[in-house]
Amino acid sequence: MRSAIQRLPPQYRIVLVLRDMEGLTDEEVAEITGLRCGTVRVRLHRARLFVRKELMKRWKPDPDGQVVSASARVIASGKPRPASCKAMFAELSNYLDERLDDSLCVELEKHLEGCGPCQVFLSTLEATIEQCRKPSTEGHDPKNAAKLRSRLLANYERMVAKNIR
């Protein structure tokens, strides 16, 4: 998980870390980063998809040669997803965060009921988000965590300043 997050581009990493790992709201992340809430949502979704994709690369067959999970099996099959699925992807994070209006929610749920690949994709995205939100006990030191947060924010601010020029 850590290496997947480290490979994220900085503008996505900061949003993912603040929102999913630190538990801040979209509004708080927007205030810290100077982004609009809509931009925070888009970057958060892209970051989640990136991390999910990186985690899926690490799933390996068990000793019998079988793929460990249903989601990995679908991905390993190489079957293309229907074109209608692509339209749904942009809303998956909003759906999981319960930020969709009722009509879009109904439309997405209707699509999911009849689309196995999307059901699997959504479940793996949800598992990725849960893993991001799960507190890491590995080497957890509050002082180091505070230093890391400061460095992350400083790196992000340098990156933003560099791109403004």
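Residues numbered from 1 in each chain as written. Predicted model: local features only at pLDDT ≥ 70, side-chain atom pairs only at ≥ 80, totals over all residues. Heavy atoms only, no water.

1. Some remarks on the nonpolar core
Logical step 1: Among the nonpolar cores identified, the biggest contains 21 residues, and Ile 5, Leu 8, Ile 14, Val 15, Leu 16, Val 40 and Val 51 are the most heavily contacted of them.
Logical step 2: Contributions of two or more residues to this core are made by helix H1 (2-6), helix H2 (10-21), helix H3 (26-33), helix H4 (37-57) and helix H10 (142-164).
Logical step 3: Broken down by element, the residue count for this core peaks at 6 residues, all from H2.
Logical step 4: Discounting chain neighbours no more than four positions away, the residues touching Leu 16 are Ile 5, Leu 8, Met 21, Leu 44, Ala 47, Arg 48, Val 51 and Cys 132.
Logical step 5: Counting residues in each nonpolar core, the second largest holds 15 residues, with Leu 92, Leu 108, Leu 122 and Ile 129 among its members. (Core = buried A, V, L, I, M, F, W, Y, C linked by side-chain atoms within 4.5 Å. Buried < 20%, exposed > 50% of the residue type's maximum accessible area, 1.4 Å probe, protein only. Helix = DSSP H or I, 4+ residues; strand = E, 2+ residues; numbered from the N terminus. Contact = heavy atoms within 4.5 Å.)

2. Details of the packing of H4 against helix H9 (residues 116-133)
Logical step 1: In the contact formed by H4 and H9, the axes pass within 9 Å of each other and the chain directions differ by 100°. For the element pair H4 / H9, the angle class is roughly perpendicular. Note on element contacts: H9 touches H4 through Phe 121, Thr 124, Leu 125, Thr 128, Ile 129, Gln 131 and Arg 133, opposite His 45, Arg 48, Leu 49, Val 51, Arg 52, Leu 55 and Met 56.
Logical step 2: Of the residues that constitute the contact of H4 with H9, the class distribution is 7 nonpolar, 4 polar and 3 charged. (Axes fitted to C-alpha atoms, helices over the stretch in contact; angles between N-to-C directions. Parallel < 35°, antiparallel > 145°, perpendicular 65-115°, else oblique. Nonpolar A, V, L, I, M, F, W, Y, C, P; charged D, E, K, R; others polar.)

3. A few points about the pattern of salt bridges
Logical step 1: This structure, assessed with the given rule, holds 11 salt bridges.
Logical step 2: Where Arg 41 meets Asp 97, a salt bridge forms, and the shortest distance between an N and an O atom there is 2.8 Å. You can see Arg 41 sitting in helix H4 and its partner Asp 97 sitting in the loop between helix H7 (92-96) and helix H8 (102-113), a full 56 residues away along the chain. The same class applies to Arg 41 and to Asp 97, which are both buried.
Logical step 3: With a shortest N-O distance of 3.0 Å, Asp 97 and Arg 48 are connected by a salt bridge. A residue pair is termed long-range when its members are at least 10 positions apart, and Asp 97 in the loop between H7 and H8 and Arg 48 in helix H4 qualify at 49 residues. This pair shows no difference in class: Asp 97 is buried, exactly as Arg 48 is.
Logical step 4: When salt bridges that share partners are traced, they join Arg 19, Asp 20, Asp 26, Arg 41, Arg 48, Asp 97, Arg 99 and Arg 133 into one network. (Salt bridge = Lys/Arg side-chain N within 4 Å of Asp/Glu carboxyl O.)

Purely geometric stuff here, so don't read any function into it on its own.
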